[in-house]
Amino acid sequence: MEKKTLVLGASLNSARYSNIAIKRLVRYNQPTVAIGLRKGEVEGVKIETEKIPFQDIDTVTLYLGPPRQKEYYDYIVSLNPQRVIFNPGTENQEFYEILRKNNIEIEVACTLIMLGTNQY
């Protein structure tokens, strides 16, 4: 099942987990969009630097630490995703509460493992 995914904290550096996640999402035929600090492209996915009002986002997968997430709280809620995946190192109790109040599912998990074990 296709789940359009926003990779937030996307990197052009191939050693970064966000970069690997983009590649894997593409390999698993998941429609993917990305926002990062620098514009570029990974596996045909454009990395944007602005808070684009993407449509039909099912999943936001976070690769930003809690201090950097704050500026994206309202943006993520405005996208009305079904869920937000908090990858290792991104756990954030304050943001969990905001998402719960907006009926957005929270998953504290690893996108790479979820894809690899067919749990995405």
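Undergrad: Could you clarify how one ought to interpret helix α1 (residues 17-27) in this entry?
TA: Because each turn of an α-helix spans 3.6 residues, side chains separated by three or four positions in sequence point in the same direction. Considered for burial, the residues of α1 that qualify are Ser 18, Asn 19, Ala 21, Ile 22 and Leu 25. The buried residues of α1 all sit within an arc of 160 degrees when viewed along its axis, so they share a single face. In α1, those exposed residues whose orientation departs by more than 90 degrees from the buried face are Tyr 17 and Arg 27. One or two positions beyond α1, positive phi appears at Asn 29, with a value near 60 degrees.

Undergrad: I would appreciate a short explanation of the packing of aromatic side chains in the present structure.
TA: Remark: the centre distance and the inter-plane angle together describe each pair of aromatic rings, the angle taken between the planes. Scanning all chains against the criterion turns up four aromatic pairs. Between Phe 86 and Tyr 96, the aromatic rings sit 4.8 Å apart at their centres with planes inclined by 85 degrees, giving edge-to-face as the arrangement. Linking Phe 86 in strand β6 (residues 83-86) with Tyr 96 in helix α4 (residues 93-101), this pair joins segments that are ten residues apart in sequence. Each of the two residues, Phe 86 as well as Tyr 96, counts as buried. Members of the aromatic cluster, each reached through a chain of ring pairs, are Tyr 73, Phe 86, Phe 95 and Tyr 96. Over the aromatic face of Tyr 72 sits the side chain of Lys 51, whose NZ or CZ is 5.1 Å from the ring centroid. Note that Arg 83 overlies the ring of Tyr 120, its terminal NZ or CZ placed 4.5 Å from the centroid.

Thresholds, definitions, all that
- Residues numbered from 1 in each chain as written.
- Predicted model: local features only at pLDDT ≥ 70, side-chain atom pairs only at ≥ 80, totals over all residues.
- Heavy atoms only, no water.
- Buried < 20%, exposed > 50% of the residue type's maximum accessible area, 1.4 Å probe, protein only.
- Helix = DSSP H or I, 4+ residues; strand = E, 2+ residues; numbered from the N terminus.
- Arc of directions from axis to C-beta.
- Phe/Tyr/Trp six-rings, centres within 6.5 Å; stacked < 30°, edge-to-face > 60°.
- Lys NZ or Arg CZ within 6 Å of the ring centre and 35° of its normal.

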